[in-house]
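An overview of the molecular structure
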Amino acid sequence: MITQDVIKEIYKKYSKRPSSIDDLNMPPLFESVHPAHGISIDDDRMVIRSLPQNSIFHSIPLKNINAIVEFEDVVAIVLHSSIIFLNKEDNRSFVHFKPLEPSIWDKLKSKVNL
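Everything numeric in this text was worked out from a predicted model, so none of it was measured.

Brief notes about the overall build of the protein chain
Each helix and strand counted, the protein chain has 3 helices and 7 strands in total. Helices and strands appear in the protein chain in the N-to-C order α-α-β-β-β-β-β-β-β-α. When its C-alpha atoms are laid out on the principal axes, the protein chain stretches across 55 × 30 × 30 Å. The burial tally for the protein chain puts 34% of its 114 residues in the buried class. Of all intrachain contacts in the protein chain linking residues separated by at least 6 positions in sequence, the fraction that spans at least 24 positions is 43%. Split by element, the accessible area of the protein chain, about 7800 Å² in all, is 52% carbon and sulfur. Here the protein chain contributes 14 positive and 15 negative side-chain charges, whose respective centroids are spaced 11 Å apart.

Overview of the sheet that holds strand 6 (residues 82–87)
Pairing is antiparallel across the open sheet formed by 4 strands, whose spatial order is 4-5-6-7. Each having just a single partner strand, strand 4 (67–70) and strand 7 (93–97) make up the two edges of the open sheet. Direction aside, neighbouring strands of the sheet carry axes that sit 20° apart on average. Summarising the sheet, strand 6 and strand 7 pair through 5 bridges and their orientation is antiparallel. Of the residues in strand 7, the one forming a bridge with Leu-86 is Ser-93.

Examining the pattern of salt bridges
Taken as a whole and judged by the stated rule, the model has 3 salt bridges. Put simply, Arg-49 and Asp-42 hold a salt bridge, and the shortest N to O gap is 3.5 Å. Between Glu-70 and Lys-88 there is a salt bridge, and its shortest N-O distance comes to 2.8 Å. With Glu-70 in strand 4 and Lys-88 in the loop between strand 6 and strand 7, this pair connects stretches of sequence that are 18 residues apart.

Notes on the pairing of strand 2 (residues 45–48)
Across a regular strand the side chains alternate sides, sitting on one face of the sheet and then on the other. Of the pairings in the sheet, the one linking strand 1 (residues 39–42) to strand 2 comprises 4 bridges and is antiparallel in character. Within strand 2, the position partnered with Asp-42 by the bridge is Arg-45. Connecting strand 1 to the next strand, strand 2, in antiparallel fashion are 2 residues, including Asp-43 with a positive phi near 50°. Sheet topology places strand 2 next to strand 3 (residues 59–61); 3 bridges connect them, and they run antiparallel. Bridging from a neighbouring strand, Met-46 pairs with Ile-60 of strand 3.

Focus: the packing of aromatic side chains
Per the counting criterion, the structure on display carries 2 aromatic pairs. Relative to Phe-97, the ring of Phe-57 has its centre 5.9 Å away and its plane inclined at 50°; by these criteria the two rings are tilted. One end of the pair, Phe-57, is in the loop between strand 2 and strand 3; the other, Phe-97, is in strand 7, with 40 residues separating them in the sequence. Phe-57 sits in the buried class, given a relative accessible area of 9%. With a relative accessible area of 52%, Phe-97 lands in the exposed category. For the ring pair Phe-85 and Phe-94, a centre distance of 4.6 Å and an interplane angle of 20° mean the geometry is stacked. By relative accessible area, Phe-94 is classed as partly exposed at 42%.

The rules behind the values
- Residues numbered from 1 in each chain as written.
- Predicted model: local features only at pLDDT ≥ 70, side-chain atom pairs only at ≥ 80, totals over all residues.
- Heavy atoms only, no water.
- Helix = DSSP H or I, 4+ residues; strand = E, 2+ residues; numbered from the N terminus.
- Buried < 20%, exposed > 50% of the residue type's maximum accessible area, 1.4 Å probe, protein only.
- Contact = heavy atoms within 4.5 Å.
- Areas by Shrake-Rupley, 256 points an atom, 1.4 Å probe, with all protein chains shown as cover.
- Lys, Arg positive; Asp, Glu negative; His and termini not counted.
- Charge placed at Lys NZ, Arg CZ, Asp CG, Glu CD.
- Pairing = 2+ DSSP bridges.
- Axes fitted to C-alpha atoms, helices over the stretch in contact; angles between N-to-C directions.
- Salt bridge = Lys/Arg side-chain N within 4 Å of Asp/Glu carboxyl O.
- Phe/Tyr/Trp six-rings, centres within 6.5 Å; stacked < 30°, edge-to-face > 60°.

Distances and angles like these do not, on their own, reveal function.
Right under this line is the structure:
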């Protein structure tokens, strides 16, 4: 099960992109993800056909992917500030957006306004 703690750990562990796109763990996308997702690689971009064409996640440059991680029920595509979870049983997917951290100014303002 994907919990908030697991998501935090994913962002922490995969905070940087691999040195080469060849280091991405591509097999789970083609062997484990449900075929209805329609995953393909076209011109250094990953296309997820189960997502609408107007979605920013429909076509992703491979150079923007930090990791591909397989879990029991889903495969996660880890980006810098979001994670796309693709279901293994059907074409369902969900996206987690990394929360924005407060800036130094926000932190200082909160200390002063106490």
